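Fold and contact review
Single-letter residue listing:
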Amino acid sequence: MQQLKRSELLWGSEALEKIKNSTVAVFGLGGVGGNAAEAVARSGVGAIDLIDGDTVGITNLNRQLVALHSTLDKNKAEVMRERILDINPECKVRAFNLFFDRSTEDKFDFTDYDYVIDCIDTVTSKLRLVEICNEKGVPIISSMGTGNKLDASKLEVCDISQTTYDPLARVMRKELKKRGIYTLTVVYSCEKAVKPDEEEIKKLLEAEGSAKRTLPASSPFVPPAAGIMLASKVVCDLGGIACGKTAK
């Protein structure tokens, strides 16, 4: 494809063909997942499943790729599907307007996937997704916490056992060990979290009519950068590309 010629200069035609023949699923299309999905699409992945049961809200505008005034109240998966098809009309894109959990997991045949990108916020769903991929032998990469973080340069790709200053990663490590899973590739930030003003959080939740007791602060920098890093790892693995090195 003509639009991928500049990528082909870096990766080579063989890698590009492998990427084109791959199927990737992105679970969660918020600040991290939306950017991961778009970067995967722009890399030429031939088939992408998009999974998110949420709609675009006004407070998503500060960081989420799907969030525009023109997309408010629209389903994130459908918005992302339309965006990807506008980038690459040849891509086979399926949108699932649902939240992944035990009640919906049967809707997916994980053996169809060459890679799964986990950008889910809920711990129980993240754990289940990792469990299934581990059982099916499907490669998976997970995003850890990007809320309350300011410095995108502190993000890195590593095994979950190497993470620090990340409460989500700490819980995931503990729970995965209970399930006999000791390794998981993640993107996480080693930055110490900023503590937002609790009163301001309370006011925001009240204004939104939310039943949540708290929520993380976020920026336009860290979540999108994490999504790009997830996609980079996935695309390099799919294409057999040595990250950071040009193709020969």
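All values reported here derive from a predicted model rather than from experimental measurement.

Cut-off values and rules
Residues numbered from 1 in each chain as written. Predicted model: local features only at pLDDT ≥ 70, side-chain atom pairs only at ≥ 80, totals over all residues. Heavy atoms only, no water. Pairing = 2+ DSSP bridges. Helix = DSSP H or I, 4+ residues; strand = E, 2+ residues; numbered from the N terminus. Right-handed = clockwise from strand over helix to strand, strands pointing away. Phe/Tyr/Trp six-rings, centres within 6.5 Å; stacked < 30°, edge-to-face > 60°. Buried < 20%, exposed > 50% of the residue type's maximum accessible area, 1.4 Å probe, protein only. Axes fitted to C-alpha atoms, helices over the stretch in contact; angles between N-to-C directions. Contact = heavy atoms within 4.5 Å. Polar contact = N/O pair within 3.5 Å; in protein donor to acceptor, adjacent residues only side chain to side chain. Core = buried A, V, L, I, M, F, W, Y, C linked by side-chain atoms within 4.5 Å. Salt bridge = Lys/Arg side-chain N within 4 Å of Asp/Glu carboxyl O. Parallel < 35°, antiparallel > 145°, perpendicular 65-115°, else oblique. Left-handed = near helix turned anticlockwise from the far one by under 90°. Nonpolar A, V, L, I, M, F, W, Y, C, P; charged D, E, K, R; others polar.

**Some words on the pairing of strand 3 (residues 92-96)**
Bridging between strand 2 (residues 47-51) and strand 3 involves 5 bridges; their strand directions are parallel. Residue pairing for strand 3: Asp49 is matched across the bridge by Arg94. With respect to chirality, the unit in which strand 2 leads through helix 4 (residues 76-87) into the neighbouring parallel strand 3 is right-handed.

**Focus: the packing of aromatic side chains**
For the structure shown, the criterion picks out 8 aromatic pairs. With a centroid separation of 4.8 Å and 50° between ring planes, the pair formed by Phe96 and Phe108 is classed as tilted. In this pair, Phe96 sits in strand 3 while Phe108 sits in the loop between strand 3 and strand 4 (115-118), placing the two residues 12 residues apart along the sequence. You'll find Phe96 and Phe108 in the same group, each marked buried. An angle of 55° between the planes, with centres 6.1 Å apart, marks the rings of Phe100 and Phe108 as tilted.

**Side note on the sheet that holds strand 6 (residues 155-159)**
Across the sheet, which stays open at both edges, the 7 strands sit in the order 3-2-1-4-5-7-6 with mixed pairing between neighbours. Only two strands of the sheet have a single partner each, and these edge strands are strand 3 and strand 6. Within this sheet the neighbouring strands show an average axis-to-axis angle of 15°, counted without direction. The pairing of strand 6 with strand 7 (residues 185-189) spans 5 bridges and is antiparallel. Pairing of Val157 across the sheet is with Val187, part of strand 7. Set on the sheet, helix 8 (residues 222-239) makes contact with strand 1 (23-27), strand 4, strand 5 (140-143), strand 6 and strand 7; between it and strand 6 the angle comes to about 45°.

**Some points on the side chain of Ser142**
Among the structural elements, Ser142 can be located in strand 5. By relative accessible area, which is 0% here, Ser142 ends up buried. One polar contact links Ser142 to Asp118, side chain to side chain, over a distance of 2.8 Å. Non-local contacts of Ser142, meaning those with residues more than four positions away in its chain, are made with Asp118, Val130, Leu184, Thr185, Val186, Val187 and Leu230.

**Quick look at the nonpolar core**
Within soluble globular proteins, side chains that are nonpolar generally end up buried alongside one another. Counting 42 residues, the largest nonpolar core has Val24, Ile48, Leu50, Ile84 and Ile117 as its most contacted members. If you tally residues by element for this core, the top one is helix 8, at 8 residues. In contact with Ile117, other than residues within four places in its own chain, are Val24, Ala25, Val26, Phe27, Ala36, Val40, Ile141, Leu230 and Val234. In terms of nonpolar packing, the next biggest core, distinct from the first, is built from 29 residues, Ile132, Met172, Ile181 and Val186 among them.

**What to know about the pattern of salt bridges**
Using the criterion set out here, one finds 15 salt bridges in the structure. Among the salt bridges present, the one from Asp54 reaches Lys76, with a minimum N-O distance of 3.4 Å. Highlighted residues: Asp54 in the loop between strand 2 and helix 4 and Lys76 in helix 4, separated in sequence by 22 residues. On the accessibility criterion, Asp54 (32% relative accessible area) is partly exposed.

**Some thoughts on the pairing of strand 1**
Along any regular strand the residues' side chains alternate between the sheet's two faces. Counted residue by residue, strand 1 has 5 buried out of 5 residues, so it is predominantly covered. Here strand 1 shows no split at all, with Thr23, Ala25 and Phe27 on one side and Val24 and Val26 on the other all buried. Judged from the 5 bridges that link them, strand 1 and strand 2 form a sheet pairing that is parallel. Bridge assignment links Ala25 to a residue of strand 2, and that residue is Asp49.

**As for the packing of helix 2 (residues 13-20) against helix 8**
Interhelical geometry of helix 2 versus helix 8 gives an angle of 110° and a closest axis separation of 8 Å. Between helix 2 and helix 8, the angle falls in the class roughly perpendicular. Two packed elements cross with a definite hand, and for helix 2 against helix 8 that hand is right-handed. Between helix 2 and helix 8, the contacting residues are Ala15, Lys18 and Ile19 on the first element and Val235, Leu238 and Gly239 on the second. By residue class, the composition of the contact of helix 2 with helix 8 is 4 nonpolar, 1 polar and 1 charged.

**Some points on the environment of Lys74**
Within the secondary structure layout, Lys74 lies in the loop between strand 2 and helix 4. Take Lys74: its relative accessible area is 44%, and that puts it in the partly exposed class. For the pair Lys74 and Gly57, spaced 17 residues apart in the sequence, the C-alpha separation amounts to 8.6 Å.

Shape descriptors only; they carry no functional weight alone.
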